Structures are given as C-alpha cells and as structure tokens.
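# Descriptive analysis of the structure
Given next are the chains, with one letter for each unit.
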Amino acid sequence: MITKEYFEKIGLGSILDKVLAGERLSIADGRTLYDCTDLTALGALASIVRRKLHGNKTFYVLNRHINYTNICINGCKFCAYARERGEDGSFQLSQNDILEKLRSAPVAPREIHVVGGCHPDIPLSFFEKSFIAVKKEYPQATLKCFTAVEIAHFAEIEGISSKEVLEKLRAVGVEMLPGGGAEIFAPETRNKICPKKLDGDNWLRIHEEAHSLGYTTNCTMLFGHVESVADRLDHLDQLRKQQDVSGGFNCFIPLPFLTENSALKIDNPLTGIDELKTIAISRLMLDNIPHIKAYWVMLTVKQAQAALHYGADDFDGTVVEEKIGHMAGASSEQALGRKELEEMILGCGFVPVERDAAFNEIS
Ligand code: V47
Ligand code: SF4
C-alpha cells in the first residue's frame, strides 16, 4: 500500500490531493508526473481514477475491423500501411468484399470499425450504398466509420462541407467515429510526421461537428516518434478542452508508435515503461473522458494487460483482421475470441464486461 507520506516524499503529494478531490490536473502537474521515475506510484494514482469510474470492470466488444483500402494520397511519414495506386501491396475492397469479410467473422459483430486511406476517387456514394447493405444484414451492429481525416477528404473530393458528409453518413446508419488521425496536434511536430494531413484544429472541429449531430467519437494520440513531453501534454489538454465544449468523446486510445516497417526512424524508440507512463498520465489528465483503451493490437496483449493496472479500463475487442498496426510490424495476433479476452482480463484481477460500441453493458 502506497501511503500519503510516500507520495509526499516523491513530490506527488499535491497531485494525490487533487486526484482524490477529483480536481483537474494542470499541464505543470502533467510534467511533474512525467518527471517521476516511480512507475508504480503513477499506476496507483491512475488506478484511483480508473476504479472510481469503473470499479473492477474491464470492457470488451465483439467487433470487426474493416480496412477498405490502403491507397492514400497523404503520405504520412510514420505510416507503413499506405500505398500508391498500382503499387505492389495496394488493395481496395468492393462492397461484396466488405460483406464477405463480415460474413466470415466468427461471431456477428456488435461494432463494425471501418477505416482506410484517403483514396483519390472512391466516392462517398460507394460507402452510402455499402453501409445500407451492411445495416440490412447486421442491424444490431453499430457502424463506427472514418476518422476525421477521411471525413475531411470526402468533403474535399465531393465539394461539400464536412458537416454535410457527416449528415449523409448519419442518414445511412453511421453512429460513431473512431479516434484515428489525431496523431499529435502540435503544428511543428505534426508537420514533421504528416505534413499533408488535416491539421489538429480541423481534426477537433470535425469531432465537434460530429458531436453536434449526435455522434459519439473516440480520440487518439500517436506517441513515441519525434514529439516532446510538452507536445503530449498539449495534445491531452486540447482533447479535454474540446470535451468541455462538445462532450462527445467516449474513449481515448494512446497509440505507441511501431517503428519496424516505418520509414520514420527514431533514435530512442519507446520503452514499455514509457508506454505505461503515458497511459497512466492520460488517465489522470483526461478527467472528462470516460474510457481509456488498452489497444492490444499496438501494445501487444501482455502490455495491454499491464495497462489495466495503469488506468486503462477497455480491452477493445475481437478485431478479427487488422492491417494498419500489422503492416507497421505489430507482433500481436490478428484476432482474439471472446473466451480469450475474458480469460486475459480475469487473469489480471479484473471483471470482464461485454459492451456494445457505445459502452452500454451487455448482460
Ligand atoms: O490514425 C498508423 C495509427 C491509427 C502507425 O477509435 C500507427 O476505437 C502506431 O485510430 N504505429 C489508426 N500507430 C488506429 C486507430 C484506432 C485503433 C483502434 C481503435 C480505435 C477506436 C482507433 O493508427 C492512425 C495512426 O495514428 N498508426 N501507423 C504505426 N506505425
Ligand atoms: Fe494515409 Fe492514414 Fe497512412 Fe496517413 S496514416 S498515409 S492518412 S493511411
């Protein structure tokens, strides 16, 4: 048991007081947490928040990822997934391919997570038609489709506003946006890793528009590349400020940068300790976002299990087939079954709870 005296001794006494009182931590507090070398103490602090919100529960969902194309015009420097049109390894799914992938899932998914590259000419109407067909076959599934980056891309190629894109997608049953594309908001750093991508202000604007139309959305941060600790804290601060205004973020996913197949080379790649530290600090800084996801695909299953003791309360789900992380060199499995997910969560001392896409518990 870590005592108040111990937190005082390691310089975290006032932060402990704030956490116990439910007060917002400042960016300076975030810096103090990053400077702390006692990982166990950070895990204990994050677990106070995690247990206050979710007790002993750890959530998972029966989901299916669909990556519809890897042809992309953005050329982000960290990305090992994207290809040029016609390049070896490029792919583009048809409506039938999408349906066949769903039919081949071992269990009917409750959440269908659709993301891909910014393809120069797949029209929005292709997705409108495809989603109508998907909803007809899987009415119980929530469609969680397209990052804000893809929404902006559709707006551009269709010559309409991002809000109109969101309205059209809502009309065919899309209810959630995944959190990808946020990367790191700080403009100078963002320019170094993804100069052509939608900027941070517009990423946040599109999520605000989605929230105003009744979507719930997720948010992410890609860390462990060329960003500084100040960039990470700025990113978390911008997310929680946006949440104060529009309130629709449900879950934050910290994404550790996988370097193996990436053209972006890093002198000091992330350690497992940096990963857990950032997960714990995310839980502590994001006081108004209910869930923190331990995304086992990028973290590895073992590190995702450890993350449950560092503030994470969600294990994502079955996934079934994933390309973005695996093309970058992820060593994790392609899919996990319900039983495996439950056993992994139980093995860490938590209670597995099946959820739907919106985190409603399924009894
Ligand atoms: O936006 C790309 C990241 C994201 C690499 O909302 C990389 O529930 C690490 O956002 N190393 C897509 N990360 C994945 C994503 C996501 C995943 C699971 C659940 C949810 C959700 C969202 O993957 C991209 C980018 O930030 N990414 N390349 C890489 N080499
Ligand atoms: Fe395209 Fe996304 Fe890869 Fe960037 S991260 S190149 S937007 S697929």
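Here the structure is a predicted model, which is why all the values come from computation and not from measurement.

Rules and cut-offs
Within every chain, residues take consecutive numbers counted from 1 along the sequence as written. Lettering for chains starts from A, numbering for ligands starts from 1, and both go in the order in which the items are written. Per-residue local features of the predicted model are confined to residues with pLDDT of at least 70, and side-chain atom pairs are confined, for both listing and counting, to 80 or more; whole-chain, interface and lining totals are unaffected and use all residues. Excluding hydrogens and water, the side-chain values take into account all heavy atoms of the structure. When at least one non-hydrogen atom of a residue lies within 4 Å of a molecule or strand, that residue is treated as near it. Only protein atoms enter the 1 Å grid used here. Points where a 1.4 Å probe fits but cannot escape make up a cavity, open sets with protein on both sides within 12 Å along at least five of seven lines make up a pocket, and a residue lines them when an atom lies within 4 Å of a point. Molecules are considered to sit inside a cavity or pocket once more than half of their atoms lie within 2 Å of its grid points. Ten residue types, Ala, Val, Leu, Ile, Met, Phe, Trp, Tyr, Cys and Pro, are classed as nonpolar, four, Asp, Glu, Lys and Arg, as charged, and the remainder, Gly among them, as polar. Two strands make a pair as long as DSSP finds a minimum of two bridges between them. Counting from the N terminus, the helices are DSSP H or I runs at least four residues long and the strands are E runs at least two residues long. Whether two residues are in contact is decided by their heavy atoms, any of which lying within 4.5 Å being enough. All axes here are fitted lines through C-alpha atoms, helices being fitted over the stretch that makes contact, and every angle between N-to-C directions spans 0 to 180 degrees. Side-chain atoms within 4.5 Å link the members of a nonpolar core, which is a set of buried Ala, Val, Leu, Ile, Met, Phe, Trp, Tyr and Cys residues. Relative accessible area decides the class of each residue, using a 1.4 Å probe on protein chains only: under 20% of the type maximum gives buried, over 50% gives exposed, and in between gives partly exposed.

### Thoughts on the site of ligand 2
- As a structural note, the neighbourhood of ligand 2 is formed by Cys72, Asn74, Gly75, Cys76, Phe78, Cys79, Tyr81, Ala82, Gly117 and Lys197.
- The pocket occupied by ligand 2, as judged from atoms lying within 2 Å of grid points, is the largest cavity.
- Of the residues contributing to the shell around ligand 2, the split by class is six nonpolar, three polar and one charged.

### A short note on the sheet that holds strand β3 (residues 111-115)
- Taking strand neighbours across the sheet as the criterion, the seven strands line up as β2-β3-β4-β5-β6-β7-β8 in an open arrangement whose pairing is parallel. Two strands lie at the open edges of the sheet, namely β2 (63-67) and β8 (291-292), each paired on one side alone.
- Sheet topology places strand β7 (residues 249-256) next to β8; two bridges connect them, and they run parallel. The residue of β8 that forms the bridge with Phe252 is Ile292.
- Packing of helix α5 (residues 95-103) onto the sheet brings it into contact with β2 and β3, and relative to β2 it is tilted by some 155°.

### Points about the nonpolar core
- Of all hydrophobic cores here, the largest spans 117 residues; its most connected members are Phe131, Phe146 and Trp203.
- In this view, Phe131 contacts Val114, Leu143, Cys145, Phe146, Leu169, Val172 and Val174; residues no more than four positions away in its chain are not counted.

Bear in mind that shape data such as this cannot, by itself, settle questions of function.
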